[in-house]
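A closer look at the structure
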Amino acid sequence: MTVPSDSRRAFGAFLRARREAMTPAEAGLYPMPGRRRTAGLRREEAAQLCGISTTWYTWLEQGRDVSCSSATLSRMAGALRLSAAERAYLFELVCQKDPQTISPVSDVAPASLLALPSLVQSPAYVMDALWHVRAANVAAVRLFGSWIGESGANLLHYVFLDPAARHFLHNWADSAQRVVAEFRADSAHIPNERNLGGFVSSLRETSPDFSRIWDTQTVMPKEGGARCFHHFQDGVQHFEQITLISEISTEYRLVTLVAAQENPAATV
């Protein structure tokens, strides 16, 4: 991935600041001979700690367009004794994924997160990593039906296993393609403990349509946008979907549907 020049410069400035803030004693090094201009580490010493050449380290501090693997970044974070927040910032600047990042996994969603739908007037619900609906407000139950408020409710099960979904969702075929593409994008972040393979296998066995679409390997981020539903009582309903991911519990997302003006071309 290409790193923007301003991010490279910020990365270099951050490296330099952390290097200069660490003394040889703190790093467990014997100071190099000669007069020191700063109490912090020299570039040669920082490069030694990071396991790379002084030239390469210097280029990184200068913000040059050179590559840096996640393993090297991890060594830098350890050598410079970065805090968790500083480490995350280091990886973010160069668009790298930290190999040591561990997403907190819990079957118990935060109560404050589950309470959010009830604070919203528009239809809103919270989903977990496998798209089980963990909380839904009254407006969501009114729109989607009682299934969304039931224990174990799952959005993919509804789309592919509930016959009512084929009428409720405007242009079901396009909607089904999109939700599978979005779920595949989400699956890259699903913790191993969530048994993604078993969930997908079960759905493939019960829904030939899901199995066929899953095999297309299409990927699409869940960004929201125009949505249209055919409600059995209220007729055609148009919404703008907004999806928010919890920063603390990243496997959960709050989905809110805000009433929109009519747009016959919109799909779910």
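Here goes a summary of the coordinates provided. (Residues numbered from 1 in each chain as written. Predicted model: local features only at pLDDT ≥ 70, side-chain atom pairs only at ≥ 80, totals over all residues. Heavy atoms only, no water.)

A few words on unusual backbone geometry. Here Cys-95, not a glycine, exhibits a phi torsion of approximately 55°, which is positive. Among the secondary structure elements, Cys-95 is positioned in the loop between helix H6 (84-93) and helix H7 (111-114). The backbone of Trp-131 sits at a positive phi, close to 65°, despite the residue not being glycine. Summarising the element assignment, Trp-131 is placed in the loop between strand E1 (124-127) and strand E2 (133-136). (Helix = DSSP H or I, 4+ residues; strand = E, 2+ residues; numbered from the N terminus.)

Under the defined criterion, the tally for this structure stands at 16 aromatic pairs. Between Trp-56 and Trp-59 the ring centres are 5.8 Å apart and the planes differ by 55°, which places this aromatic pair in the tilted class. Of this pair, Trp-56 and Trp-59 both sit in helix H4 (residues 54-61), three residues apart, roughly one helical turn. You can call Trp-59 partly exposed: its relative accessible area is 28%. Ring geometry for Phe-229 and Phe-239: centres 5.9 Å apart, planes at 55°, overall tilted. One end of the pair, Phe-229, is in strand E3 (residues 225-231); the other, Phe-239, is in strand E4 (residues 235-245), with 10 residues separating them in the sequence. Judged on exposure class, the residue Phe-229 and its partner Phe-239 are both buried. These aromatic residues form a ring-pair network of at least three members: Tyr-125, Phe-144, Trp-147, Tyr-158, Phe-168, Phe-229 and Phe-239. Sitting over the face of the ring of Trp-172, Arg-166 holds its NZ or CZ atom 3.8 Å from the ring centroid. Taking NZ or CZ as reference, Arg-184 lies 3.8 Å from the ring centre of Trp-214, over its face. (Phe/Tyr/Trp six-rings, centres within 6.5 Å; stacked < 30°, edge-to-face > 60°. Buried < 20%, exposed > 50% of the residue type's maximum accessible area, 1.4 Å probe, protein only. Lys NZ or Arg CZ within 6 Å of the ring centre and 35° of its normal.)

A grouping of Ile-242, Leu-244 and Val-258 is seen on the molecular surface, where their side chains present a nonpolar patch of about 240 Å² in accessible area. Here Val-258 is to be found in strand E5 (residues 253-259). A relative accessible area of 34% places Val-258 in the partly exposed class. (Patch = residues over 30% accessible without salt bridge, like charges linked within 9 Å, V, L, I, M, F, W, Y side chains within 5 Å. Areas by Shrake-Rupley, 256 points an atom, 1.4 Å probe, with all protein chains shown as cover. Salt bridge = Lys/Arg side-chain N within 4 Å of Asp/Glu carboxyl O.)

With that settled, the discussion passes to the layout of surface pockets. Its boundaries defined by the atoms lining it, the second largest pocket holds a volume of some 240 Å³. As for the second largest pocket, its lining consists of 15 residues, and the residues nearest its centre are Val-3, Val-66, Ser-67, Cys-68 and Val-94. Listed by contribution, the elements that provide at least two residues to the lining of the second largest pocket are helix H1 (5-20) and H4. Taken together, the residues of the lining of the second largest pocket sort by class into nine nonpolar, three polar and three charged. (1 Å grid on protein atoms, 1.4 Å probe; cavity = no way out; pocket = protein on both sides within 12 Å on 5 of 7 lines; lining within 4 Å. Points joined across faces, edges and corners; volume = space filled by probe spheres on them. Nonpolar A, V, L, I, M, F, W, Y, C, P; charged D, E, K, R; others polar.)

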